Amino acid sequence: MTVYCVIGAGAAGMSALVQLTQAGYDVDCFEKSDRVGGHWNTDYDALHLITSRDMTGFEGFPMPTDYPYFPRRDQVRDYLGSYAREHGLYEKVRFGVEVVAVSPRPSAGPLGSAGWTVTLSTGERRDYDGVFVANGHLWDQKVPAIGADFTGTQVHSGSYRNPSDIAGRRVLVVGAGNSGCDLAVDAAQHRFEVDIVMREGMFFQPKSYFGVPRQEIAWLAGFSPEEQDFLARMLAKVSIGEAKDYAGMPAPKAATLAEGKAVVNDLLLYWVQHGRVHIRPAIDRIDGTTVHFSDGTSGEYDTILWATGFHVSLPFLDETLLERRAAVPLRYGGGIVPKGLEKLYFIGLTAPRGPQLPIYGVQTKLAIRMLDLHERAGGFAPLAAYLGELQDADDRVDIVRLTWLEQLADTERLLDAFALSRAGALSTAG
(Lines give C-alpha, C1' and ligand atoms only; values in the text may rest on other atoms or scores of the structure.)
Protein backbone atom coordinates (compact mmCIF):
# COMPACT_ATOMS: atom_id res chain seq x y z
CA MET A 1 0.00 0.00 0.00
CA THR A 2 1.31 3.44 -0.89
CA VAL A 3 2.07 5.88 1.94
CA TYR A 4 2.28 9.66 1.72
CA CYS A 5 3.99 12.29 3.85
CA VAL A 6 2.73 15.71 4.96
CA ILE A 7 5.33 18.18 6.20
CA GLY A 8 3.94 20.59 8.79
CA ALA A 9 0.78 20.78 10.92
CA GLY A 10 -0.08 24.40 10.39
CA ALA A 11 -3.39 25.25 8.76
CA ALA A 12 -2.28 24.00 5.34
CA GLY A 13 -0.76 20.77 6.65
CA MET A 14 -3.80 19.98 8.79
CA SER A 15 -6.14 20.51 5.86
CA ALA A 16 -3.99 18.29 3.64
CA LEU A 17 -3.89 15.58 6.30
CA VAL A 18 -7.68 15.64 6.71
CA GLN A 19 -8.35 15.50 2.96
CA LEU A 20 -5.90 12.66 2.42
CA THR A 21 -7.18 10.53 5.29
CA GLN A 22 -10.80 11.13 4.30
CA ALA A 23 -9.88 9.95 0.79
CA GLY A 24 -8.56 6.72 2.30
CA TYR A 25 -4.83 7.30 2.00
CA ASP A 26 -2.22 6.18 4.51
CA VAL A 27 -0.42 9.33 5.67
CA ASP A 28 2.37 10.34 8.04
CA CYS A 29 2.53 13.96 9.20
CA PHE A 30 5.55 15.53 10.91
CA GLU A 31 5.51 18.81 12.84
CA LYS A 32 8.74 20.14 14.32
CA SER A 33 6.99 22.16 17.05
CA ASP A 34 4.80 20.81 19.85
CA ARG A 35 1.47 22.16 18.56
CA VAL A 36 -0.76 22.62 15.55
CA GLY A 37 -1.58 25.96 13.95
CA GLY A 38 1.82 27.24 12.80
CA HIS A 39 2.31 30.99 12.89
CA TRP A 40 -1.11 31.62 14.44
CA ASN A 41 0.47 30.61 17.75
CA THR A 42 3.10 33.34 17.61
CA ASP A 43 1.79 36.20 15.47
CA TYR A 44 1.47 39.68 17.00
CA ASP A 45 -1.29 40.17 19.56
CA ALA A 46 -3.11 42.85 17.57
CA LEU A 47 -3.63 40.58 14.56
CA HIS A 48 -7.20 40.02 13.34
CA LEU A 49 -8.40 38.28 10.21
CA ILE A 50 -8.83 40.63 7.27
CA THR A 51 -11.39 38.24 5.77
CA SER A 52 -14.68 37.52 7.48
CA ARG A 53 -15.39 34.74 9.94
CA ASP A 54 -18.06 33.05 7.80
CA MET A 55 -15.91 33.03 4.65
CA THR A 56 -12.63 31.92 6.20
CA GLY A 57 -13.30 28.56 7.87
CA PHE A 58 -12.36 25.11 6.63
CA GLU A 59 -14.84 23.27 4.42
CA GLY A 60 -17.52 21.64 6.59
CA PHE A 61 -16.14 23.21 9.77
CA PRO A 62 -17.31 26.83 10.15
CA MET A 63 -15.92 29.18 12.75
CA PRO A 64 -18.09 29.58 15.88
CA THR A 65 -20.98 31.99 15.38
CA ASP A 66 -20.12 33.75 18.64
CA TYR A 67 -16.82 34.87 17.10
CA PRO A 68 -16.81 38.49 15.86
CA TYR A 69 -16.90 39.25 12.15
CA PHE A 70 -13.10 39.51 12.15
CA PRO A 71 -11.68 37.12 14.77
CA ARG A 72 -8.54 37.81 16.80
CA ARG A 73 -5.34 35.83 16.41
CA ASP A 74 -5.99 33.81 19.58
CA GLN A 75 -9.50 32.94 18.40
CA VAL A 76 -8.14 31.69 15.07
CA ARG A 77 -5.51 29.70 17.00
CA ASP A 78 -8.23 28.11 19.14
CA TYR A 79 -10.34 27.39 16.06
CA LEU A 80 -7.40 25.56 14.45
CA GLY A 81 -6.98 23.54 17.63
CA SER A 82 -10.66 22.59 17.61
CA TYR A 83 -10.36 21.52 13.96
CA ALA A 84 -7.45 19.28 14.93
CA ARG A 85 -9.43 17.73 17.81
CA GLU A 86 -12.53 17.22 15.66
CA HIS A 87 -10.52 15.23 13.12
CA GLY A 88 -8.28 13.36 15.54
CA LEU A 89 -5.13 15.07 14.29
CA TYR A 90 -3.39 15.17 17.67
CA GLU A 91 -3.18 11.38 17.43
CA LYS A 92 -2.06 11.42 13.79
CA VAL A 93 0.68 14.08 13.87
CA ARG A 94 4.16 13.30 15.16
CA PHE A 95 5.08 16.43 17.11
CA GLY A 96 8.64 17.49 17.88
CA VAL A 97 9.94 15.76 14.77
CA GLU A 98 11.53 17.87 12.03
CA VAL A 99 11.92 16.86 8.41
CA VAL A 100 15.57 17.59 7.64
CA ALA A 101 15.82 16.21 4.10
CA VAL A 102 13.53 15.18 1.25
CA SER A 103 15.39 13.41 -1.56
CA PRO A 104 14.17 11.74 -4.76
CA ARG A 105 14.49 7.96 -4.65
CA PRO A 106 16.89 6.53 -7.23
CA SER A 107 15.21 5.95 -10.56
CA ALA A 108 15.93 5.91 -14.28
CA GLY A 109 12.88 8.13 -14.73
CA PRO A 110 12.24 11.80 -13.91
CA LEU A 111 13.13 13.18 -10.49
CA GLY A 112 10.57 12.00 -7.97
CA SER A 113 9.03 9.40 -10.26
CA ALA A 114 9.96 6.62 -7.81
CA GLY A 115 8.89 8.63 -4.78
CA TRP A 116 10.87 10.41 -2.10
CA THR A 117 13.04 9.52 0.90
CA VAL A 118 12.32 11.63 3.96
CA THR A 119 14.99 12.00 6.64
CA LEU A 120 13.80 13.01 10.12
CA SER A 121 15.51 14.74 13.02
CA THR A 122 15.27 11.43 14.88
CA GLY A 123 17.64 9.90 12.34
CA GLU A 124 14.90 7.84 10.69
CA ARG A 125 14.75 7.55 6.90
CA ARG A 126 11.38 6.72 5.38
CA ASP A 127 10.30 6.18 1.79
CA TYR A 128 7.07 7.73 0.51
CA ASP A 129 5.27 7.56 -2.79
CA GLY A 130 4.58 11.30 -2.56
CA VAL A 131 5.23 14.27 -0.28
CA PHE A 132 2.93 17.18 0.53
CA VAL A 133 4.99 20.23 1.47
CA ALA A 134 3.10 22.48 3.89
CA ASN A 135 5.91 24.01 5.91
CA GLY A 136 4.58 27.55 5.39
CA HIS A 137 6.13 30.65 3.85
CA LEU A 138 5.79 33.08 6.75
CA TRP A 139 8.67 32.07 9.00
CA ASP A 140 12.05 32.86 7.38
CA GLN A 141 12.27 36.58 8.07
CA LYS A 142 13.57 38.92 5.40
CA VAL A 143 15.45 42.00 6.69
CA PRO A 144 17.19 44.34 4.20
CA ALA A 145 20.98 44.48 4.47
CA ILE A 146 20.73 48.18 5.27
CA GLY A 147 19.38 47.19 8.68
CA ALA A 148 22.91 46.32 9.76
CA ASP A 149 23.65 50.07 9.92
CA PHE A 150 20.94 50.79 12.51
CA THR A 151 22.17 50.86 16.13
CA GLY A 152 18.77 51.05 17.83
CA THR A 153 16.28 48.26 18.51
CA GLN A 154 15.12 46.23 15.52
CA VAL A 155 12.22 43.76 15.41
CA HIS A 156 10.81 41.92 12.40
CA SER A 157 7.03 41.58 12.13
CA GLY A 158 7.45 37.82 12.50
CA SER A 159 8.96 38.34 15.97
CA TYR A 160 6.93 41.36 17.08
CA ARG A 161 4.29 40.57 19.69
CA ASN A 162 3.08 43.86 21.16
CA PRO A 163 4.32 47.38 22.05
CA SER A 164 6.46 45.99 24.89
CA ASP A 165 8.91 45.05 22.10
CA ILE A 166 9.38 48.74 21.25
CA ALA A 167 12.26 50.66 22.85
CA GLY A 168 11.98 54.44 23.25
CA ARG A 169 9.20 56.54 21.74
CA ARG A 170 10.21 57.03 18.09
CA VAL A 171 9.25 54.16 15.82
CA LEU A 172 9.85 53.59 12.12
CA VAL A 173 7.80 50.86 10.42
CA VAL A 174 9.36 49.69 7.15
CA GLY A 175 6.82 48.08 4.85
CA ALA A 176 3.21 49.08 4.23
CA GLY A 177 1.48 45.79 3.52
CA ASN A 178 -1.18 44.40 5.82
CA SER A 179 1.30 43.52 8.59
CA GLY A 180 3.19 46.81 8.36
CA CYS A 181 -0.02 48.81 8.64
CA ASP A 182 -1.12 46.67 11.60
CA LEU A 183 2.16 47.33 13.41
CA ALA A 184 2.00 51.06 12.73
CA VAL A 185 -1.56 51.20 14.05
CA ASP A 186 -0.63 49.16 17.13
CA ALA A 187 2.19 51.57 17.96
CA ALA A 188 0.05 54.65 17.24
CA GLN A 189 -2.76 53.43 19.46
CA HIS A 190 -0.25 53.14 22.30
CA ARG A 191 0.82 56.77 21.73
CA PHE A 192 4.21 56.19 20.16
CA GLU A 193 5.55 58.59 17.52
CA VAL A 194 5.26 56.55 14.35
CA ASP A 195 6.55 56.92 10.80
CA ILE A 196 5.88 54.32 8.12
CA VAL A 197 7.88 53.82 4.93
CA MET A 198 5.59 53.60 1.91
CA ARG A 199 7.70 53.23 -1.23
CA GLU A 200 4.77 52.78 -3.59
CA GLY A 201 1.06 53.49 -3.71
CA MET A 202 -1.40 50.95 -2.34
CA PHE A 203 -5.12 50.49 -2.77
CA PHE A 204 -6.53 50.82 0.74
CA GLN A 205 -9.74 48.89 1.31
CA PRO A 206 -12.01 48.91 4.38
CA LYS A 207 -12.96 45.58 5.93
CA SER A 208 -16.66 46.41 5.74
CA TYR A 209 -19.14 48.43 3.73
CA PHE A 210 -22.61 49.27 5.02
CA GLY A 211 -21.73 47.42 8.21
CA VAL A 212 -21.21 44.16 6.29
CA PRO A 213 -17.85 42.39 5.70
CA ARG A 214 -16.81 43.21 2.16
CA GLN A 215 -16.70 39.55 1.02
CA GLU A 216 -20.32 39.08 2.15
CA ILE A 217 -22.02 41.93 0.29
CA ALA A 218 -24.53 39.83 -1.64
CA TRP A 219 -25.32 42.25 -4.47
CA LEU A 220 -21.67 42.48 -5.51
CA ALA A 221 -21.79 38.82 -6.56
CA GLY A 222 -24.06 39.79 -9.44
CA PHE A 223 -21.25 41.64 -11.18
CA SER A 224 -18.30 40.37 -13.19
CA PRO A 225 -14.84 40.33 -11.55
CA GLU A 226 -13.83 43.43 -13.51
CA GLU A 227 -17.00 45.23 -12.41
CA GLN A 228 -16.45 44.15 -8.80
CA ASP A 229 -12.92 45.58 -8.98
CA PHE A 230 -14.30 48.91 -10.21
CA LEU A 231 -17.06 48.99 -7.57
CA ALA A 232 -14.61 48.20 -4.77
CA ARG A 233 -12.39 51.09 -5.86
CA MET A 234 -15.34 53.46 -6.08
CA LEU A 235 -16.72 52.40 -2.69
CA ALA A 236 -13.30 53.00 -1.16
CA LYS A 237 -13.05 56.39 -2.86
CA VAL A 238 -16.35 57.65 -1.44
CA SER A 239 -15.79 56.18 2.04
CA ILE A 240 -12.09 56.73 2.78
CA GLY A 241 -10.94 59.01 -0.04
CA GLU A 242 -7.80 58.81 -2.15
CA ALA A 243 -4.05 58.92 -1.60
CA LYS A 244 -4.01 62.71 -2.06
CA ASP A 245 -6.17 63.03 1.06
CA TYR A 246 -3.38 61.62 3.27
CA ALA A 247 -0.18 63.61 3.69
CA GLY A 248 2.80 62.00 1.99
CA MET A 249 0.92 59.01 0.59
CA PRO A 250 1.93 57.98 -2.95
CA ALA A 251 -0.86 57.17 -5.39
CA PRO A 252 -1.09 53.64 -6.80
CA LYS A 253 0.50 53.31 -10.23
CA ALA A 254 -1.81 50.46 -11.18
CA ALA A 255 -5.26 51.17 -12.56
CA THR A 256 -7.06 48.29 -10.83
CA LEU A 257 -6.95 46.25 -7.64
CA ALA A 258 -6.08 43.17 -9.69
CA GLU A 259 -3.04 44.89 -11.18
CA GLY A 260 -1.90 46.60 -7.99
CA LYS A 261 -1.33 45.94 -4.30
CA ALA A 262 -4.25 46.09 -1.90
CA VAL A 263 -4.18 46.67 1.86
CA VAL A 264 -7.26 45.88 3.94
CA ASN A 265 -6.83 48.50 6.65
CA ASP A 266 -8.47 51.88 7.23
CA LEU A 267 -7.19 52.42 10.78
CA LEU A 268 -3.82 53.50 9.41
CA LEU A 269 -5.59 56.25 7.48
CA TYR A 270 -7.34 57.33 10.68
CA TRP A 271 -4.04 57.74 12.50
CA VAL A 272 -2.41 59.53 9.57
CA GLN A 273 -5.17 62.13 9.67
CA HIS A 274 -4.81 62.39 13.44
CA GLY A 275 -1.08 63.06 13.13
CA ARG A 276 0.02 59.99 15.07
CA VAL A 277 1.45 58.30 11.95
CA HIS A 278 3.49 60.03 9.25
CA ILE A 279 4.31 58.57 5.84
CA ARG A 280 7.90 58.46 4.62
CA PRO A 281 9.38 57.52 1.21
CA ALA A 282 12.04 54.86 0.61
CA ILE A 283 15.12 54.64 2.83
CA ASP A 284 18.32 55.97 1.26
CA ARG A 285 20.76 55.09 4.05
CA ILE A 286 21.04 54.63 7.81
CA ASP A 287 23.65 56.15 10.13
CA GLY A 288 23.32 54.85 13.68
CA THR A 289 19.83 55.89 14.76
CA THR A 290 19.41 58.40 11.92
CA VAL A 291 17.48 57.21 8.89
CA HIS A 292 17.87 59.18 5.66
CA PHE A 293 15.06 59.03 3.10
CA SER A 294 15.02 59.30 -0.67
CA ASP A 295 13.46 62.79 -0.60
CA GLY A 296 16.42 64.21 1.34
CA THR A 297 14.71 64.24 4.73
CA SER A 298 15.83 62.25 7.76
CA GLY A 299 14.52 61.12 11.13
CA GLU A 300 15.80 59.85 14.45
CA TYR A 301 14.35 56.56 15.66
CA ASP A 302 14.68 54.35 18.72
CA THR A 303 13.11 51.28 17.10
CA ILE A 304 12.65 49.97 13.57
CA LEU A 305 9.88 47.44 12.95
CA TRP A 306 10.64 45.55 9.75
CA ALA A 307 7.50 44.46 7.90
CA THR A 308 9.54 43.42 4.90
CA GLY A 309 8.22 39.93 4.29
CA PHE A 310 9.68 36.46 4.34
CA HIS A 311 11.90 34.24 2.22
CA VAL A 312 10.25 31.21 0.65
CA SER A 313 12.48 28.62 2.30
CA LEU A 314 12.48 24.86 1.84
CA PRO A 315 15.52 23.86 3.92
CA PHE A 316 14.88 20.12 3.54
CA LEU A 317 15.11 20.25 -0.26
CA ASP A 318 18.39 20.45 -2.15
CA GLU A 319 18.28 23.83 -3.91
CA THR A 320 19.62 22.24 -7.07
CA LEU A 321 16.28 20.46 -7.40
CA LEU A 322 14.34 23.73 -7.52
CA GLU A 323 14.13 26.30 -10.28
CA ARG A 324 13.36 29.72 -8.84
CA ARG A 325 12.32 33.06 -10.26
CA ALA A 326 12.17 36.16 -8.07
CA ALA A 327 13.46 33.83 -5.30
CA VAL A 328 10.30 31.69 -5.44
CA PRO A 329 10.08 28.11 -6.80
CA LEU A 330 8.42 27.86 -10.21
CA ARG A 331 5.23 25.83 -10.18
CA TYR A 332 2.40 24.51 -12.33
CA GLY A 333 -1.10 23.31 -11.57
CA GLY A 334 -2.33 26.35 -9.66
CA GLY A 335 0.93 26.58 -7.72
CA ILE A 336 0.93 22.97 -6.53
CA VAL A 337 3.41 21.13 -8.76
CA PRO A 338 7.08 22.26 -8.70
CA LYS A 339 8.78 22.48 -12.06
CA GLY A 340 10.62 19.30 -12.97
CA LEU A 341 9.66 17.33 -9.85
CA GLU A 342 7.17 14.48 -9.82
CA LYS A 343 5.07 13.40 -6.82
CA LEU A 344 5.86 16.52 -4.80
CA TYR A 345 2.99 18.87 -3.95
CA PHE A 346 3.12 22.37 -2.46
CA ILE A 347 0.10 23.14 -0.30
CA GLY A 348 -0.29 26.76 0.80
CA LEU A 349 2.65 28.23 -1.09
CA THR A 350 0.26 30.00 -3.45
CA ALA A 351 -1.88 32.50 -1.51
CA PRO A 352 -4.81 33.72 -3.63
CA ARG A 353 -6.22 37.01 -2.36
CA GLY A 354 -9.11 36.49 0.01
CA PRO A 355 -9.81 33.79 2.64
CA GLN A 356 -6.86 31.43 2.98
CA LEU A 357 -8.02 28.44 5.02
CA PRO A 358 -10.49 27.12 2.40
CA ILE A 359 -7.89 27.04 -0.38
CA TYR A 360 -5.74 24.38 1.27
CA GLY A 361 -8.43 21.74 0.91
CA VAL A 362 -9.00 22.76 -2.71
CA GLN A 363 -5.30 22.42 -3.46
CA THR A 364 -5.09 19.04 -1.74
CA LYS A 365 -8.13 17.67 -3.59
CA LEU A 366 -6.48 18.58 -6.88
CA ALA A 367 -3.28 16.87 -5.78
CA ILE A 368 -5.33 13.79 -4.82
CA ARG A 369 -6.52 13.61 -8.42
CA MET A 370 -2.86 13.38 -9.38
CA LEU A 371 -2.25 10.61 -6.83
CA ASP A 372 -5.08 8.64 -8.39
CA LEU A 373 -3.62 9.07 -11.88
CA HIS A 374 -0.23 7.86 -10.66
CA GLU A 375 -1.76 4.81 -9.04
CA ARG A 376 -3.93 4.03 -12.09
CA ALA A 377 -0.77 4.11 -14.21
CA GLY A 378 0.80 1.43 -12.03
CA GLY A 379 2.78 3.80 -9.83
CA PHE A 380 3.88 6.67 -12.03
CA ALA A 381 2.40 9.00 -14.61
CA PRO A 382 4.54 11.91 -15.90
CA LEU A 383 2.19 14.62 -14.65
CA ALA A 384 4.74 17.32 -13.77
CA ALA A 385 6.28 16.99 -17.24
CA TYR A 386 2.82 16.96 -18.86
CA LEU A 387 1.68 20.14 -17.07
CA GLY A 388 5.04 21.74 -17.77
CA GLU A 389 4.53 21.32 -21.49
CA LEU A 390 1.07 22.90 -21.49
CA GLN A 391 1.13 25.58 -18.78
CA ASP A 392 3.27 28.60 -18.02
CA ALA A 393 5.41 28.29 -14.89
CA ASP A 394 4.33 30.67 -12.13
CA ASP A 395 6.41 32.19 -9.34
CA ARG A 396 3.65 34.10 -7.58
CA VAL A 397 2.72 33.67 -3.93
CA ASP A 398 0.29 36.61 -3.89
CA ILE A 399 -2.09 36.07 -6.79
CA VAL A 400 -5.46 37.44 -7.80
CA ARG A 401 -8.06 34.85 -6.85
CA LEU A 402 -9.74 34.84 -10.26
CA THR A 403 -6.40 34.12 -11.95
CA TRP A 404 -5.76 31.25 -9.55
CA LEU A 405 -9.24 29.81 -10.13
CA GLU A 406 -8.59 29.92 -13.87
CA GLN A 407 -5.33 28.03 -13.30
CA LEU A 408 -7.19 25.38 -11.30
CA ALA A 409 -9.85 25.00 -13.99
CA ASP A 410 -7.16 24.65 -16.66
CA THR A 411 -5.37 22.02 -14.58
CA GLU A 412 -8.60 20.05 -14.05
CA ARG A 413 -9.20 20.15 -17.82
CA LEU A 414 -5.70 18.93 -18.56
CA LEU A 415 -5.95 16.12 -16.01
CA ASP A 416 -9.25 15.05 -17.57
CA ALA A 417 -7.56 14.95 -20.98
CA PHE A 418 -4.59 13.03 -19.57
CA ALA A 419 -6.89 10.43 -18.00
CA LEU A 420 -8.84 10.02 -21.23
CA SER A 421 -5.68 9.62 -23.30
CA ARG A 422 -4.37 6.95 -20.95
CA ALA A 423 -7.72 5.14 -20.94
CA GLY A 424 -7.73 5.24 -24.74
CA ALA A 425 -4.20 3.90 -24.93
CA LEU A 426 -5.09 1.00 -22.63
CA SER A 427 -8.20 0.26 -24.65
CA THR A 428 -6.20 0.21 -27.89
CA ALA A 429 -3.56 -2.00 -26.35
CA GLY A 430 -6.24 -4.36 -25.15
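Provided above is the structure to which this section pertains.
Residues numbered from 1 in each chain as written. Predicted model: local features only at pLDDT ≥ 70, side-chain atom pairs only at ≥ 80, totals over all residues. Heavy atoms only, no water.

### Quick look at the layout of surface pockets
- As a volume, the second largest pocket reaches approximately 360 Å³.
- Where the lining of the second largest pocket is concerned, the elements lending two or more residues are strand 12 (203-205) and helix 6 (225-240).
- In terms of residue count, the dominant contributor to the lining of the second largest pocket is helix 6 (five residues).
- Each residue belonging to the lining of the second largest pocket can be placed in one class, and the counts come to twelve nonpolar, two polar and three charged. (1 Å grid on protein atoms, 1.4 Å probe; cavity = no way out; pocket = protein on both sides within 12 Å on 5 of 7 lines; lining within 4 Å. Points joined across faces, edges and corners; volume = space filled by probe spheres on them. Helix = DSSP H or I, 4+ residues; strand = E, 2+ residues; numbered from the N terminus. Nonpolar A, V, L, I, M, F, W, Y, C, P; charged D, E, K, R; others polar.)

### A closer look at helix 5 (residues 178-189)
- The end-to-end C-alpha separation of helix 5 is 16 Å, in line with the 16 Å expected for twelve residues at 1.5 Å each.
- Within helix 5, the full set of buried residues consists of G180, C181, D182, L183, A184, V185, D186, A187 and A188. (Expected span 1.5 Å × (residues − 1). Buried < 20%, exposed > 50% of the residue type's maximum accessible area, 1.4 Å probe, protein only.)

### Let's talk about empty space enclosed by the protein
- Scanning the entire structure with this criterion turns up two cavities of 30 Å³ or more.
- In this structure, the largest cavity encloses a volume near 70 Å³.
- Taken together, V133, A134, N135, G136, H137, V312, S313, L314, F346, I347, G348 and L349 make up the full set of residues lining the largest cavity.
- Taken together, the residues that form the lining of the largest cavity break down as seven nonpolar, five polar and no charged.

### Observations regarding the side chain of T290
- Within the secondary structure layout, T290 lies in strand 18 (residues 290-293).
- Setting aside anything within four residues of it in sequence, one finds T290 in contact with R285, S298, G299 and E300. (Contact = heavy atoms within 4.5 Å.)

### Quick word on the sheet that holds strand 18
- Pairing is antiparallel in the open sheet, where three strands are placed in the order 17-18-19. This sheet does not close on itself; its edge strands, each paired only once, are strand 17 (283-287) and strand 19 (298-300). Pairs of neighbouring strands in the sheet enclose a mean axial angle of 20°, with direction left out of account.
- Where strand 18 meets strand 19, three bridges bridge the pair, whose relative direction is antiparallel. Along strand 19, the bridge assignment pairs V291 with G299. (Pairing = 2+ DSSP bridges. Axes fitted to C-alpha atoms, helices over the stretch in contact; angles between N-to-C directions.)

### Focus on the pattern of salt bridges
- Inspection of the entire model under this criterion finds 28 salt bridges.
- The residue D74 makes a salt bridge to R72 at a minimum N-O spacing of 2.9 Å.
- R72 gets classed as partly exposed once you look at its relative accessible area, which sits at 35%.
- Its salt-bridge partner being D287, residue R285 comes within 3.4 Å of it at the nearest N-O pair. (Salt bridge = Lys/Arg side-chain N within 4 Å of Asp/Glu carboxyl O.)

### Overview of the environment of Q22
- Here Q22 is to be found in helix 1 (residues 11-22).
- Spatially, the C-alpha atom of Q22 lies 41 Å from that of V143, the residues being 121 residues apart in sequence.

### Quick notes on helix 9 (residues 383-390)
- Turning to helix 9, its buried residues are L383, A384, Y386 and L387. The buried residues of helix 9 occupy one face: seen down the axis, they fall within an arc of 160°. (Arc of directions from axis to C-beta.)

### Focus on the packing of aromatic side chains
- Using the criterion set out here, one finds 13 aromatic pairs in the structure.
- Ring geometry for Y209 and F210: centres 6.4 Å apart, planes at 50°, overall tilted.
- The exposure class assigned to Y209 is buried, which follows from its relative accessible area of 6%.
- The exposure class assigned to F210 is exposed, which follows from its relative accessible area of 60%.
- Their ring planes at 90° and their centres at 6.4 Å tell us that F293 and Y301 sit as a pair that is edge-to-face.
- What makes Y301 buried here is its relative accessible area of 3%.
- Lying over the aromatic face of W139, K32 brings its terminal NZ or CZ to 5.2 Å of the ring centre.
- Between the NZ or CZ atom of R169 and the centre of the ring of F192, over which it lies, the distance is 4.2 Å. (Phe/Tyr/Trp six-rings, centres within 6.5 Å; stacked < 30°, edge-to-face > 60°. Lys NZ or Arg CZ within 6 Å of the ring centre and 35° of its normal.)

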